[in-house]
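Here is how the chains run, residue by residue.
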Amino acid sequence: MQQEIIHVYLMPGMAANPTIFEHIKLPEEQFEIHWLEWMIPYKKESLESYAKRMIAHIEHDNIVLLGVSFGGILVQEMSKYMTLRKLFVVSSVKSKHELPKRMKLMKYTKAYKLLPTQLVSNIDFLAKYAFGETITKRIELYKKYLSVSDKQYLDWAIENVIEWNQEKPNDNAIYIHGDNDMVFPHSCGGNCIVLKGGSHIMVINKYKWFNENLPKLILE
């Protein structure tokens, strides 16, 4: 009897394209990987509306959905409107309470509306907000992965991270976080798989852990 193929959809982080997953490989006799890409949001589009539009790009039932960073916030929203086999949230937050102080402050002051997102041609600015670090020698790496530089998208994405209103973690999600994540440093507590030495971009530089452990986590 032929084994059922499990479809695994991967959602990248803010401003990133799905090539961040280029090293994620799962056994092909069991799993098929699909990359999701950011769409340009409509003007003043809600995260709920955007999540429902993203669901329209999913062509299979009972899928595994994995999101990184802001993509992790998005997949948690998507999961409210679909039935999933498994939900993975990587390098992200479980609720609005885990957002770092600077983001909470921005929420109250609305300072995020003043961020110079028109400077997105400045890859250093983009890397700081998307990956949590400024560029040193890795500028070519960042240019490769950070390609969504539309101002309307970035304004929308930053606002929807800061204004996200989820009160408590999703009981059905598997949260995976690095203990050296500088973007979301408070997300390792509670029900969470913690990768020692994992940074905000561990899906890129610790891909071997994901290749080894995702199949087991999906099937358990």
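Residues numbered from 1 in each chain as written. Predicted model: local features only at pLDDT ≥ 70, side-chain atom pairs only at ≥ 80, totals over all residues. Heavy atoms only, no water.

> Tell me about the pairing of strand S4 (residues 84-90), and name the residues and values.
Of all 7 residues in S4, 6 are buried, a share of seventy percent or more. As judged from the 6 bridges shared by strand S3 (residues 63-68) and S4, these two strands associate in the parallel manner. Directly across from Gly 67, in S4, lies its bridge partner Val 89. Traced from S3 through helix H2 (residues 70-78) to S4, the parallel crossover comes out right-handed. Direction of pairing for S4 relative to strand S5 (residues 173-178): parallel, over a ladder of 4 bridges. Bridge pairing in S5 places Val 90 opposite Ile 176. (Buried < 20%, exposed > 50% of the residue type's maximum accessible area, 1.4 Å probe, protein only. Helix = DSSP H or I, 4+ residues; strand = E, 2+ residues; numbered from the N terminus. Pairing = 2+ DSSP bridges. Right-handed = clockwise from strand over helix to strand, strands pointing away.)

> Tell me about the environment of Ala 173, and please be specific about residues and values.
One can find Ala 173 in strand S5. We classify Ala 173 as buried; its relative accessible area is 6%. Along the sequence, Ala 173 and Lys 94 sit 79 residues apart, while their C-alpha atoms lie 9.0 Å from each other. Those residues in contact with Ala 173 that lie beyond four places of it in its chain are Leu 87 and Val 89. (Contact = heavy atoms within 4.5 Å.)

> Please provide a residue-by-residue account of the side chain of Ser 95, values included.
By the secondary structure assignment, Ser 95 is in the loop between S4 and helix H3 (101-109). Residue Ser 95 is classed as buried on the basis of its relative accessible area of 5%. In this structure, Ser 95 is in contact with Trp 164, Gln 166, Glu 167, Lys 168 and Pro 169, ignoring residues within four places of it in sequence.

> Residues and numbers for the side chain of His 200, please.
Locating His 200 in the fold gives a position in the loop between strand S6 (193-195) and helix H7 (202-205). A distance of 2.9 Å separates a polar atom in the side chain of His 200 from a polar atom in the side chain of Ser 69. Only 2.9 Å separates the side chain of His 200 from the side chain of Asp 181, close enough to count as a polar contact. (Polar contact = N/O pair within 3.5 Å; in protein donor to acceptor, adjacent residues only side chain to side chain.)

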